[in-house]
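The primary structure of each chain is shown beneath.
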Amino acid sequence: MSVLKENYDVCVVGAGHAGCEAALACARLGLNTILFTISIESVAMMPCNPNIGGSSKGHLVREIDALGGEMGVNIDHTFIQSKMLNKSKGPAVHSLRAQADKIEYTMRMREVLQNTDHLTLRQAEVSELMVENHEIRGVKTVSGAEYFSKAVVLCTGTYLKARCLYGAVVNYTGPNGLMAANHLTDSLIANGVEMYRYKTGTPARIEKKSIDFSKMQEQFGDERVVPFSFTTDPESVQIDQASCWLTYTNEKTHEIIRANLDRSPLFSGMIEGTGPRYCPSIEDKVVKFADKDRHQLFIEPEGNHTSEMYISGMSSSLPEDVQYDMIHTVPGLEHAVIVRNAYAIEYDCINPRQLSLSLEFKNISGLFSGGQFNGSSGYEEAAAQGLIAGINAAMKIKGKEPLILDRSEAYIGVLIDDLVTKENHEPYRMMTSRAEYRLLLRQDNADLRLTGKGYEVGLISKERYDSVVEKERLIEKEISRVEKIHVGATKNVQDLLNCCGSQVLSSGISLTELIRRPELSYDLVASIDPDRPNLPSDVREQVNINIKYDGYIRRQKKQVKEFRRLENKKLSLDFDYKQISGLRLEAQQKLTLYQPASIGQASRISGVSPADISVLLVYIEQMRRKMADKAN
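Since this is a predicted model, take the numbers as computed values, not measurements.

Peer 1: What exactly am I supposed to notice about the side chain of Ser-127 here?
Peer 2: Note that Ser-127 resides in strand S8 (residues 126-132). Ser-127 gets classed as buried once you look at its relative accessible area, which sits at 14%. Looking at Ser-127, its side chain comes within polar contact range of the main-chain oxygen of Thr-141, at 3.3 Å.

Peer 1: Is there a simple way to think about the packing of helix H12 (residues 446-457) against helix H13 (residues 462-483) in this case?
Peer 2: The description of two packed helices rests on the angle between their axes and on the distance between the axes. Direction vectors running N to C along H12 and H13 enclose 150°, while the axes themselves pass 10 Å from each other. One way to sum up the angle between H12 and H13 is to call them roughly antiparallel. The crossing of H12 and H13 is left-handed. Facing H12, whose interface residues are Asp-447, Leu-448, Thr-451, Gly-452 and Tyr-455, H13 presents Lys-462, Tyr-465, Val-468, Lys-471, Glu-472 and Ile-475. A per-class count over the contact of H12 with H13 returns five nonpolar, two polar and four charged.

Peer 1: Before we go on, may I ask you to explain the packing of aromatic side chains in this structure?
Peer 2: Geometry of an aromatic ring pair is reported as the spacing of the ring centres plus the angle between the planes. Applying the stated criterion to the full structure yields seven aromatic pairs. Where Tyr-8 meets Tyr-147, the ring centres are 6.4 Å apart and the plane angle is 35°; that geometry is what we call tilted. In this pair, Tyr-8 is assigned in the loop between strand S1 (5-7) and strand S2 (10-13) and Tyr-147 in strand S10 (residues 146-148), connecting sequence segments 139 residues apart. Neither residue differs from the other here; Tyr-8 and Tyr-147 are each classed as buried. On the numbers, 5.7 Å between centres and 35° between planes, the contact of Tyr-196 with Tyr-198 is tilted. Among the residues examined, Tyr-198 registers a relative accessible area of 2% and is labelled buried. Following the ring pairs from residue to residue traces out a cluster consisting of Tyr-8, Phe-36 and Tyr-147. Stacked on the ring of Phe-230, the Lys or Arg Arg-62 has its end atom at 4.9 Å from the ring centre. Here the guanidinium or amino end of Arg-353 rests over the ring plane of Tyr-594, the centre of that ring lying 5.8 Å away.

Peer 1: What should I look at first to understand the sheet that holds strand S14 (residues 195-202) in this one?
Peer 2: Strands in a sheet are paired, the pairing made by backbone hydrogen bonds, and the direction either parallel or antiparallel. Here four strands make up an open sheet; going across it, the order is S13-S12-S21-S14 and the pairing antiparallel. Both outer strands of the open sheet, strand S13 (169-171) and S14, are each paired with one neighbouring strand and no more. Across the sheet, the mean angle from the axis of one strand to that of its neighbour is 25°, orientation sign disregarded. One ladder, built from three bridges, connects strand S12 (residues 163-166) with S13; its direction is antiparallel. Considered in S13, the bridge of Cys-164 is made with Asn-171.

Peer 1: What exactly am I supposed to notice about the packing of helix H3 (residues 71-78) against helix H4 (residues 102-114) here?
Peer 2: Where H3 meets H4, the axes come as close as 9 Å, and the angle between the chain directions of the two elements is 130°. In terms of axis orientation, H3 runs oblique to H4. The way H3 lies across H4 gives a crossing that is right-handed. When H3 is examined against H4, the residues Met-71, Val-73, Asn-74, Ile-75, His-77 and Thr-78 are found in contact with a partner set consisting of Glu-104, Tyr-105, Arg-108 and Met-109. The class makeup of the residues in the contact of H3 with H4 is five nonpolar, three polar and two charged.

Peer 1: Quick question: what am I supposed to make of the nonpolar core here?
Peer 2: As a rule of thumb, nonpolar side chains are buried together in soluble globular proteins. Core analysis: the biggest nonpolar cluster contains 107 residues, and Leu-129, Val-139, Val-152, Val-153, Leu-154, Leu-188 and Ile-412 have the highest contact counts within it. Take this core: its biggest share by element is 11 residues, from helix H10 (residues 379-398). Leave out the neighbours within four places in its chain, and Leu-188 touches Leu-129, Leu-154, Leu-160, Val-193, Met-195 and Phe-373. Among the nonpolar cores identified, the runner-up in size contains 25 residues, and Ile-206, Ile-211, Val-286 and Ile-327 belong to it.

Peer 1: Just checking my understanding: could you explain the pattern of salt bridges for this structure?
Peer 2: Opposite charge on two side chains permits them to pair, given that their charged atoms come into close proximity. Enumeration according to the criterion identifies 56 salt bridges in this entry. Among the ionic pairs, Lys-150 bridges to Asp-9, the shortest N-O distance being 3.2 Å. With a gap of 141 residues between them, Lys-150 in the loop between S10 and strand S11 (151-154) and Asp-9 in the loop between S1 and S2 connect regions that are remote in the sequence. In this structure Asp-9 comes out as buried when scored by relative accessible area, which is 15%. Between Arg-625 and Glu-621 there is a salt bridge, and its shortest N-O distance comes to 3.1 Å. Placement of both Arg-625 and Glu-621 in helix H20 (residues 610-631) is noted, with a separation of four residues, approximately one turn of the helix. Residue class for Glu-621 comes out partly exposed when judged on its relative accessible area of 27%.

Conventions adopted
Residues numbered from 1 in each chain as written. Predicted model: local features only at pLDDT ≥ 70, side-chain atom pairs only at ≥ 80, totals over all residues. Heavy atoms only, no water. Helix = DSSP H or I, 4+ residues; strand = E, 2+ residues; numbered from the N terminus. Buried < 20%, exposed > 50% of the residue type's maximum accessible area, 1.4 Å probe, protein only. Polar contact = N/O pair within 3.5 Å; in protein donor to acceptor, adjacent residues only side chain to side chain. Axes fitted to C-alpha atoms, helices over the stretch in contact; angles between N-to-C directions. Parallel < 35°, antiparallel > 145°, perpendicular 65-115°, else oblique. Left-handed = near helix turned anticlockwise from the far one by under 90°. Contact = heavy atoms within 4.5 Å. Nonpolar A, V, L, I, M, F, W, Y, C, P; charged D, E, K, R; others polar. Phe/Tyr/Trp six-rings, centres within 6.5 Å; stacked < 30°, edge-to-face > 60°. Lys NZ or Arg CZ within 6 Å of the ring centre and 35° of its normal. Pairing = 2+ DSSP bridges. Core = buried A, V, L, I, M, F, W, Y, C linked by side-chain atoms within 4.5 Å. Salt bridge = Lys/Arg side-chain N within 4 Å of Asp/Glu carboxyl O.

Set out below in structure tokens:
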């Protein structure tokens, strides 16, 4: 029997947030790419929360944009409310978050995909990898069709052998009732891939007209919206925004949950998979935080053309009747009508330690992966990995070095390093606290950090790159100019200081020192700086931050130098750690298992102590000297 046979440069499996970025990256780099999805309607679908960004996740979206990805542009076109989080704190933790019109978000991303040269969108279930001598050759679909390619990127999300559960109800589907992918796992196992079983969940959706908003606190978007993409005209995103609403659970809610824990598959043993610690279900919250008498719930619109509202903070797998009972105890939701039940979803994913930092499988050349398939959670984490996996699939085909971002360069670097280096036994979520150098890795400077790298791989235009280079020049020039300006205790200076609640001067002072005062800023001192140039707002922002936090920034840059020293001490990937006397047995086992690429990466492996690193450094130095002696 004859079967369809086609040839492509790259096959991307799964058209969620990871798959879209991977496919677009490959196609935009000129490679003939096919993107498989179980349903064309589910492209870039948001099966859970209706928003993009948030704490640390906003950083990821900005970095994706700086490298040439699509997520930031897409949300700028389809958001209905935007807010900068953590504005009362320092710039390192400022994070942009936008409510999306979920349908518009999906539709626009699909339109982008279908209008991208070199990219084919195909509805089909991939069931098998074609692998020869540990090298990928392509994929097969359930119909038997064979798609030959030089690289494959797996971005299967939560679809592999998925099942959705609430109470005693089990549906063998993917999210939103879409078909599960039940065949690919067997092919992965047959090719030696170690699989995990993870779980995540989603809250109920309720009918807007059944909500009493008078009992809730209205939450507005920012008066002045900041776009995600550095290419978006800020004026184009100043729109009329939708509101969200804040309410709370109470002791009555918690009583109902506690009384029905035995009916939750999460506690009854029906759920096998491990759930995300940092995004727990409401059942988990009530049990683990028994001292809390209430929990926040945000009621969020799912879009402009639907009346469905999302109950953020109330993810659950409790039975349908219990969901109604507990929701009806919440102020404003006493008569709420459920449109879609909350549910938990279990799915297969991989142990990510099988990947290198390029997101290529160590044991299958040309096979890459990204997103929840790699054991992470979240749309933004998925998109970031998909972009890197797609770029590196393209780099491999083109015979170029992979793009690897380290922990000092990007949140994306932290995310990927954590996934492939650390032992993760639950879905990984990005947080600002995971980034050691977060003052350097702010969302506001993502373009300055990463646009050059996007340009080098070919996803950023020369015009955009030159614009960022010019921005950097203007920032440095202005910081240097301000440092040389001194002001005295003149009337206009003292008036400004009094007006801003700042201590008046007794003698002259540099403008830089004034700007560093907590109550002042670069823009606030403009009136006493007559020669100040007319600079764009993003340049002024960088000048202000760099002046204010100069001491802290310098300190982190010194820490980065030491970090890079260890990262630059490379280790071969077939290193025999058993031959190194002095290494503890656990360290030998862990290092052999993970095969770290550098001393720095080795130092972050659980079970490898500072003493083990010292032994490794001594051994490497001894080997270097022996090689030098032989050469002489």
